[in-house]
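Structural overview
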Amino acid sequence: MCEGERDDAIRRAFRSYKDPDCDLSAVINTRCRECTERLRPVPLVHDEEMLTNPKMEVFTMDHHPGLFIVRNGMSQNTIKELFKAVYLRFPVDKNMSSKSVRCNLEDLDKTQKSVWEAQTETGIYFIDKLRWITLGYHFKWTEREYVEDFCTDLPKLLHDIAVEIVSRIGEFPNFTPDTAIVNYYHRADRIAFHQDEFEWDMSKPLVSISIGLPGLLLIGDDTPSTAPDGLLLNSGDIIIMSGSSRTSYHAVPRVFATCHVSCPNHRTRNGVTSGERDWSDNSGVKRVYNCKKSGARFVTERKRCQVCPDIEDLIGSYDDYEDEIRTVTEIPPQVFYKRLTEFASRTRVNVSVRQVKGS
């Protein structure tokens, strides 16, 4: 392989895997026992579970030192609490988000307004446009740096999950997370290859939690010339990046449009496997357009959103949410919960917990 081909390895992989018809046979699905046999198990050294799952399993890859893949890392109750937090508690204007970047920072400190409340006042579904929230030290995306003098408290739930996961692996006893970035990926969203290297203390791990729709993670090393490995992350999976893997290039080329994706080796079109329900609505509304400039005729299809039949198993039932919904919005709880399940059915949420300041 020539030098130029090695330099393009990451970009070639990203272009390939974002194609719905790509070959996923090399991808490791965390839910598939045969796939995880390609990984090396990591023994757990801490047995007292509070937020984590007693069935928690941890794996690593020898060619990715410091990378840990956690399966069944959280109890089902913890996962449901995390869903309620990312949908109801975190999207308030005191936290920086993709909908508040143009606001005055001083004003944000004075309000607890939720994006769901803004929906009732203006008729605009702010939650549908939400793409990220920062908690703890807030990140300035344009300058690619944290704001030292603008910091909110890291939610205790995220702090405790990250610390307990790391402690059960027996690594980093002085890990004190103070920051999290919550990303909301919709089905058509992708995140290009990048490195997380802006924390002031890079010796501490990054704990990345996935909930909602499955997503494909590509991870290489600290050079763009290395072809990445593919991991199919399911709801509840956790990735820990530490050591030399802390600055590895990684990307998410696609989000799958189904709550559960079986082993990629048995995959058919659109990420749906044999024996698996494809709940996405493909009937859609077809529209024909004629390009005035070229005269070309083309057809687009707008697909209606349909709620995944398994979504309540992931996020919790209406009864789990009713009381908290009443504290967030004046929308009738049953109407709100329907909107919530629709949003969850087309969204993958990634919560990356990290320590910005050194201990």
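Each remark here, short or long, concerns the structure printed above.
Let me sum up the structure you'll find in this document.

The rules we used
- Residues numbered from 1 in each chain as written.
- Predicted model: local features only at pLDDT ≥ 70, side-chain atom pairs only at ≥ 80, totals over all residues.
- Heavy atoms only, no water.
- Helix = DSSP H or I, 4+ residues; strand = E, 2+ residues; numbered from the N terminus.
- Buried < 20%, exposed > 50% of the residue type's maximum accessible area, 1.4 Å probe, protein only.
- Contact = heavy atoms within 4.5 Å.
- Areas by Shrake-Rupley, 256 points an atom, 1.4 Å probe, with all protein chains shown as cover.
- Axes fitted to C-alpha atoms, helices over the stretch in contact; angles between N-to-C directions.
- Parallel < 35°, antiparallel > 145°, perpendicular 65-115°, else oblique.
- Left-handed = near helix turned anticlockwise from the far one by under 90°.
- Nonpolar A, V, L, I, M, F, W, Y, C, P; charged D, E, K, R; others polar.
- Pairing = 2+ DSSP bridges.
- Patch = residues over 30% accessible without salt bridge, like charges linked within 9 Å, V, L, I, M, F, W, Y side chains within 5 Å.
- Salt bridge = Lys/Arg side-chain N within 4 Å of Asp/Glu carboxyl O.
- Lys, Arg positive; Asp, Glu negative; His and termini not counted.
- Charge placed at Lys NZ, Arg CZ, Asp CG, Glu CD.
- Core = buried A, V, L, I, M, F, W, Y, C linked by side-chain atoms within 4.5 Å.

A word on the overall build of the chain
Assigned secondary structure in the chain consists of 11 helices and 18 strands. For the chain, with 359 residues in total, the buried portion stands at 53%. For the chain, the share of sequence-separated contacts (at least 6 apart) that also reach a separation of at least 24 residues comes to 70%. For the chain, the exposed surface amounts to about 17,200 Å²; the carbon and sulfur share of it is 48%.

So, the packing of helix α4 (residues 76-89) against helix α8 (residues 156-169)
At their nearest, the axes of α4 and α8 sit 11 Å apart, and the two run at 140 degrees to each other. Our classification of the angle between α4 and α8 gives oblique. For the element pair α4 and α8, the recorded crossing hand is left-handed. In contact with T78, E81, L82 and A85 of α4, α8 contributes L157, L158 and I161. Of the residues contributing to the contact of α4 with α8, the split by class is five nonpolar, one polar and one charged.

Points about the pairing of strand β4 (residues 64-71)
Where burial is concerned, most of β4 is hidden: seven out of the eight residues are buried. Note that strand β3 (residues 57-61) and β4 share five bridges and pair antiparallel. For E57, the partnering residue across the bridge sits in β4 and is R71. Linking β3 back to β4 in an antiparallel pair, the connection comprises two residues. Bridging between β4 and strand β14 (residues 238-241) involves four bridges; their strand directions are antiparallel.

Details of a negative patch on the surface
Judged by side-chain charge, E312, D313, D319 and D320 come together as a negatively charged surface patch. Elements with a contribution of two residues or more to the negative patch: α9 (311-315) and α10 (318-328). Residue position: D319 is located in helix α10.

Details of the nonpolar core
Within the largest apolar cluster, 51 residues are counted, with the highest numbers of intra-cluster contacts made by V86, Y87 and I209. One finds I28, C32, I69 and I239 within the second-largest nonpolar core, a separate group that totals 16 residues.

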